[in-house]
Amino acid sequence: MPARVLLVDDEKGFVDTMAKRLENRGYTVGVAYDGPQAINALGKGDIFFDVVVLDVKMPGMDGNEALKRIKADHPLVEVIMLTGHATVESAIEGMKSGAFDYLMKPCDLESLMAKIGEAQDKKEAHENKILEARARHIVLRRGE
Amino acid sequence: MSDVHYYQGLAKSMMFTIILVSFAPLFVVVLIAGYQYSVAYEEKVEAHLRELVLKHDQTIDAYLDEKMAEIRVLAEIIDLGHLASPAGIEALHDALTVGHGTDFVDLGLIDENGIQVAYSGPFRLQGLDYSREAWFKAVRKNTVHVSDVGLGMRGVPHFIIALRMRADGREWVLRTTLDFIAFNRLVEDIRIGETGMAYIINREGDFQTTPRRDMTAEVPFLRELARSLTEGADRVHGRAAMAVMDNPATHRETIFVTSPIKGGDWLMVYQQDTADAFATLNRSRDLAIGILFLGGLAITVMAYLMSRRMARKVARADAAKEILNEQVIEAGKLASVGELAAGIAHEINNPVAIMVEEAGWIQDLLEEGLSSGDNEREVQRALNQIRTQGARCKEITHKLLSFARKIDPTVMSFDLNDLVREIVELSGQRAKYANVVIETSLGDNIAPIEASPSEMQQVFLNLVNNAIDAMDPGGGDLDISTRQEGGTVVAQVSDTGSGIPEANLSRIFDPFFTTKPVGKGTGLGLSIIYGIINKLGGTISVDSAVGRGTTFTISLPAGRADGTGTPEA
């Protein structure tokens, strides 16, 4: 099943077109034009996003701050940072606070999709581990 | 060239300062020391001359007193009857000659009618009538009389001591002639320097001793001098009077030291040309003047050469500084361009990313086929978007290029408001990401300023960048205002950032002063701004408080109101 992706960037044209292209390839795509909108979309609960593609440099709340908030509220959601050359340092900073990886702007769709796939796999692996742990917990409780 | 005038003026002022500073003490020392020395020296010379004259007049008085005393003693112990005989007076004269050498030239006894009754001596003066002689008349009144020096009856200069005696009811006068030569020597021997000499005159100004040189020309003057001194109150025995006056005979300033002798009948005079008396003093004065003159000449020459050399060095240093300044400005410019470029690269990335996405989208649609759905319209939209974003890129690169061209220091007249708008536009993106709201309040009808636009661009870009940095993180408000105050155009850039600590306020315009971490700031921005504003004859000031923000105020002289952009030569 293709991943559910939330695209966050202040460049409206960029996000919209990319959303169209990803949807064309079977992804479920949500868009947000700044940090607060992204957090809002994640928290609303009508779609459970697997991967967030987050622009680092945004007016108002910047990418790194949004990342921290997302990771705090939704630790399982994987975040891919999207960055221009000038902000590679801050993208790396973002990875230290838990981002999955970063991509340079402009990126081609194939590499983005590959990254999304990896991120989704990682998320699923995490979820499976949690499920296993939970199952073990239940089994152990039964065995008492 | 005003530069040449400036350095010439500098050299001149340096020269005069050096001359003044080195000359003034020299001059003062020479003047004060010279004055003190001359006063002291003159006092010494005067004291010496007075002493000399007093000593000699005492000697002469003593000599005369002694001779008179001897005659008196003789007269008292010798029988007058015995004296009246030629053999008797001869024996007495011989005895005097044995005891006193040739001082007593002759000896005579005169009766009350003035007839010399007895005589012993080298002349034949027996029976001579002295009744009409002045000294005889004088001795009739006083017991003892010492005559002036005169030729007398024999035509030889001499003077006479006469003594009145009483015996057997008759009055007798004992008379002796004293050797003028021996007496003369006493006074003649006083000689100092070239012109210093002593002589004795009587009340009438007649010489009592032979002066060393012919002084007939001076006789009327001396007579006058003698009279004035005679009448003067200071003619007291034991005190030498001193006067400095022009000698009418020699026409030279002369010192006269006078002292009365012989109970005030005679006047001992010592005279010496002032120039001679103070010869040593004059020599040292001439020497001092010579040294002063030569020293002054040396100082002047040295000051001239040194100040010229120093002015040349200053000119060279200034030229080097000018070059360095330009290089520093260029370096600062590059630094700010670098900063700008980083921001702009990001700015360009966004439209490029959009274009890439749109191109990909078109590709997707083409695979589906243009005929399906409203794909054709969608492709049109995507192409429009690509054109829009391309134009955006072009705009950004143009802005960057316009700023990054080599600094052009050409001064021209331009509108400050236009420049501010340009800067605001250029910094807009950066401000947006830093959450800074830029507001401008630009005054109407502001006179154009005369400056280099690219330099002024740098000034404002630096200030705006600093302000945005100061508000990081968190953002704030950045206000840029312009207004005209009389002949000056005032621009203010104020932020609501962290502010500058008071300790740093005095140093912010220093080159290489920065509070940013190593590698982040060059510390040149504000010093370059300061240099640029200063060069234009303007001022820049800062008002800041920690936590409240910072306001930079730039005042520039307003240019011509016609606004024609003619570059200044």
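Chains are numbered independently. Their residues run from 1 in the order of the written sequence. Chains carry letters and ligands carry numbers; both start at the beginning, A for chains and 1 for ligands, and go up in the order they are written. Where totals are concerned, whole chains, interfaces and linings use all residues; where local detail is concerned, this predicted model gives features only for residues with pLDDT of at least 70, and gives and counts side-chain atom pairs only at 80 or more. Values reported for side chains reflect all heavy atoms of the structure, with hydrogen atoms and water molecules removed beforehand.

- Chain B goes by histidine kinase in an unreviewed UniProt entry, where it is assigned to Pseudodesulfovibrio methanolicus.
- UniProt positions are given in the numbering used here, feature names are shortened, and annotations may be inferred rather than shown by experiment. Quoted verbatim from the Catalytic activity (unreviewed entry) heading of the UniProt record, the comment on chain B is "ATP + protein L-histidine = ADP + protein N-phospho-L-histidine."
- Taken from UniProt, the Subcellular location (unreviewed entry) comment for chain B reads in full: "Cell membrane".

- Labelled according to an unreviewed UniProt entry, chain A appears under the name Response regulator, originating from Pseudodesulfovibrio methanolicus.

**What to know about the overall build of chain B**
- A run of DSSP states H or I qualifies as a helix once it reaches four residues; a run of E qualifies as a strand once it reaches two. Both are numbered from the N-terminal end. Helix and strand content of chain B: 13 helices and 17 strands.
- The classification of residues rests on relative accessible area computed with a 1.4 Å probe and restricted to protein chains. Under 20% of the type maximum is buried, over 50% is exposed, and intermediate values are partly exposed. In chain B, buried positions account for 43% of the 569 residues.
- For chain B, restricting intrachain contacts to residue pairs at least 6 apart in sequence, the fraction spanning at least 24 positions comes to 63%.
- All accessible-area figures derive from a Shrake-Rupley calculation using a 1.4 Å probe, and residue coverage is judged against the displayed protein chains alone. Entry remark: accessible area of chain B is about 29,600 Å², with carbon and sulfur atoms responsible for 58%. Any two residues whose heavy atoms approach within 4.5 Å are treated as being in contact.

**Structural notes on the overall build of chain A**
- Helix and strand counts for chain A stand at 5 helices and 5 strands.
- Secondary structure elements in chain A, listed N-terminal to C-terminal, are β-α-β-α-β-α-β-α-β-α.
- Expressed as a percentage of its 144 residues, the buried residues of chain A come to 47%.
- Here the analysis covers contacts within chain A between residues at least 6 apart in sequence; of these, 61% occur between residues at least 24 apart.
- Surface exposure of chain A reaches about 7,100 Å², of which carbon and sulfur atoms provide 53%.

**Comments concerning the UniProt feature "coiled-coil region" (unreviewed entry) in chain A**
- In the numbering used here, UniProt assigns the "coiled-coil region" (unreviewed entry) feature to residues 109–136 of chain A.
- Helix makes up 100% of residues 109–136 of chain A and strand makes up 0%, while its end C-alpha atoms are separated by 40 Å.

**Re the nonpolar core**
Residue and element names in this part refer to chain B.
- Nonpolar core, defined: a set of buried Ala, Val, Leu, Ile, Met, Phe, Trp, Tyr and Cys residues in which side-chain atoms within 4.5 Å join the residues together. By size, the foremost hydrophobic cluster in this structure holds 48 residues, and its most contacted members are Leu83, Leu109, Met165, Leu174, Met268 and Tyr270.
- The element contributing the most residues to this core is helix H1 (residues 2–77), with 13 residues.
- When neighbours within four sequence positions are excluded, Met268 is seen to be in contact with Val53, His56, Asp57, Ile60, Ile190, Ala198, Tyr199, Ile200, Val257, Thr258, Ser259 and Ile261.
- Counting 44 residues, the second-largest nonpolar core is a separate cluster that includes Ile449, Ala491, Ile508 and Phe513.

**Overview of the interface of chain A and chain B**
- Tallying the contact residues gives 22 residues for chain A and 21 residues for chain B.
- What gets called buried area is simply the loss in accessible area from a 1.4 Å probe that two parts show on being joined, summed for both. For the pairing of chain A and chain B, the buried interface totals around 2,000 Å² over both sides, and the portion due to carbon and sulfur atoms is 53%.
- It is Glu11(A), Arg21(A) and Lys57(A) that lose the most area in chain A upon contact with chain B, and together they represent 26% of the buried surface on that side.
- We define a salt bridge as a side-chain nitrogen of Lys or Arg found within 4 Å of a carboxyl oxygen belonging to Asp or Glu. Summed over the shared surface of chain A and chain B, the result is 5 salt bridges.
- With a shortest N-O distance of 3.1 Å, Arg21(A) and Asp364(B) are connected by a salt bridge.
- Pairing of N or O atoms within 3.5 Å defines a polar contact, subject to two protein rules: one partner must be a possible hydrogen donor and the other a possible acceptor, and residues neighboring in sequence count only if both atoms are side-chain atoms. Inspection of the chain A/chain B interface yields 10 residue pairs in polar contact (both at pLDDT 80 or more).
- In terms of residue count, helix H1 (residues 12–24) of chain A provides more of the side of chain A that touches chain B than any other element does, 7 residues in total.
- When residues are sorted by character, Ala, Val, Leu, Ile, Met, Phe, Trp, Tyr, Cys and Pro go into the nonpolar class, Asp, Glu, Lys and Arg into the charged class, and all the rest, Gly among them, into the polar class. Of the residues that constitute the side of chain A that touches chain B, the class distribution is 8 nonpolar, 7 polar and 7 charged.

**A closer look at a nonpolar patch on the surface**
- Taken together, Phe293(B), Leu294(B), Leu297(B), Val301(B), Met302(B), Tyr304(B), Leu305(B), Met306(B) and Met310(B) make up a surface patch of nonpolar side chains, about 880 Å² in accessible area.
- Secondary-structure assignment places Met310(B) in helix H8 (residues 279–368). Only residues whose relative accessible area exceeds 30% and that form no salt bridge enter a patch; like-charged residues are grouped when within 9 Å of one another, and nonpolar side chains (Val, Leu, Ile, Met, Phe, Trp, Tyr) when within 5 Å.

**Side note on unusual backbone geometry**
- Cis rather than trans, the peptide bond between Lys105(A) and Pro106(A) has omega equal to -10 degrees.
- Residue position: Pro106(A) is located in the loop between strand S5 (101–104) and helix H5 (109–142).
- Even without being glycine, Asn435(B) reaches a positive phi, approximately 60 degrees.
- Relative to the helices and strands, Asn435(B) resides in the loop between helix H10 (416–433) and strand S12 (436–442).

**Details of the pairing of strand S2 (residues 28–32) of chain A**
Residue and element names in this part refer to chain A.
- In this analysis, strands are considered paired if DSSP registers two or more bridges between them. In the sheet, strand S1 (residues 4–8) pairs with S2 via 5 bridges, with the strands oriented parallel. Note on S2: the bridge partner recorded for Leu7 is Val31.
- The definition of a right-handed crossover adopted here requires that, viewed with the strands pointing away, the path from the first strand over the helix to the second runs clockwise. Handedness of the S1-H1-S2 crossover: right-handed.

**Considering the UniProt feature "transmembrane region" (unreviewed entry) in chain B**
Residue and element names in this part refer to chain B.
- Here the UniProt feature "transmembrane region" (unreviewed entry) sits at residues 15–35 and 287–306.
- Spanning residues 15–35, this segment combines 100% helix with 0% strand, and its end C-alpha atoms are found 29 Å apart.
- The straight-line gap between the two end C-alpha atoms of residues 287–306 is 27 Å; of that span, 100% is helix and 0% is strand.

**Thoughts on the pairing of strand S14 (residues 476–485) of chain B**
All names here are of chain B.
- Pairing geometry for S12 and S14, over 7 bridges, is parallel. Note on S14: the bridge partner recorded for Thr440 is Ile480.
- Taking the residues that link successive antiparallel strands as the turn, the S14-strand S15 (residues 488–495) hairpin has 2 residues, and the phi of Gly486 there is positive, at about 60 degrees.

**Considering the sheet that holds strand S3 (residues 144–146) of chain B**
All names here are of chain B.
- Reading across from one edge, S2-S1-S5-S4-S3 is the order of the 5 strands in this open sheet, with antiparallel pairing throughout. Because the sheet does not close on itself, it has two edges, and the strands there are strand S2 (116–120) and S3. Neighbouring strand axes in the sheet, compared pairwise and without regard to direction, differ in orientation by 15 degrees on average.
- Pairing of S3 with strand S4 (residues 159–167) involves 3 bridges; the strand directions are antiparallel. Of the residues in S4, the one forming a bridge with Val146 is Ile161. Geometry is summarised by axes, namely lines fitted to C-alpha atoms with helices restricted to the contacting stretch, and by angles between N-to-C directions that run from 0 to 180 degrees.

**Digging into the packing of helix H11 (residues 453–470) of chain B against helix H13 (residues 525–535) of chain B**
All names here are of chain B.
- The geometry of H11 relative to H13 is characterised by a closest axis approach of 10 Å and an angle of 140 degrees between their N-to-C directions. When the axes of H11 and H13 are compared, the crossing they make is left-handed. Contact with H11, carried on its side by Glu455, Met456, Gln458, Val459, Asn462, Leu463 and Asn466, involves Gly525, Leu526, Ile528, Ile529, Ile532, Ile533 and Lys535 of H13 and no other residues of that element.
- Residues that form the contact of H11 with H13 fall into these classes: 8 nonpolar, 4 polar and 2 charged. In a left-handed crossing the near helix is turned counterclockwise from the far helix by less than a right angle, and in a right-handed crossing that turn is clockwise.

**Overview of the packing of H1(A) against H5(A)**
Residue and element names in this part refer to chain A.
- Direction vectors running N to C along H1 and H5 enclose 65 degrees, while the axes themselves pass 12 Å from each other. When the axis of H1 is compared with that of H5, the two are roughly perpendicular. Here H1 runs over H5; the crossing is right-handed. Counted together, Met18, Arg21 and Leu22 of H1 and Leu109, Leu112, Met113 and Ile116 of H5 form the full contact between these two elements.
- Of the residues in the contact of H1 with H5, the class split is 6 nonpolar, no polar and 1 charged. Orientation categories follow fixed angle ranges, with anything under 35 degrees roughly parallel, anything over 145 roughly antiparallel, 65 to 115 roughly perpendicular, and all other angles oblique.

**Notes on the confidence of the model for chain B**
Residues and elements named next belong to chain B.
- The predictor attaches a confidence to each residue, called pLDDT, with possible values from 0 through 100. For chain B, the average pLDDT comes to 81, and 91% of its residues sit at 70 or higher.
- Overall, residues 562–569 carries pLDDT values under 50, and its contacts beyond four positions in sequence, including any with other chains, amount to 13 contacts.
- Per the prediction output, this complex has pTM 0.48; the corresponding ipTM is 0.84.

**A look at the sheet that holds strand S6 (residues 191–192) of chain B**
Residue and element names in this part refer to chain B.
- Spatial ordering of the open sheet is given by S6-S7-S10-S9-S8, a layout of 5 strands whose pairing is antiparallel. The two strands at the open ends of the sheet, each matched to only one other strand, are S6 and strand S8 (241–247).
- Bridge count between strand S9 (residues 252–261) and strand S10 (residues 266–273): 8 bridges; the pairing is antiparallel. Bridge pairing in S10 places Pro260 opposite Leu267.

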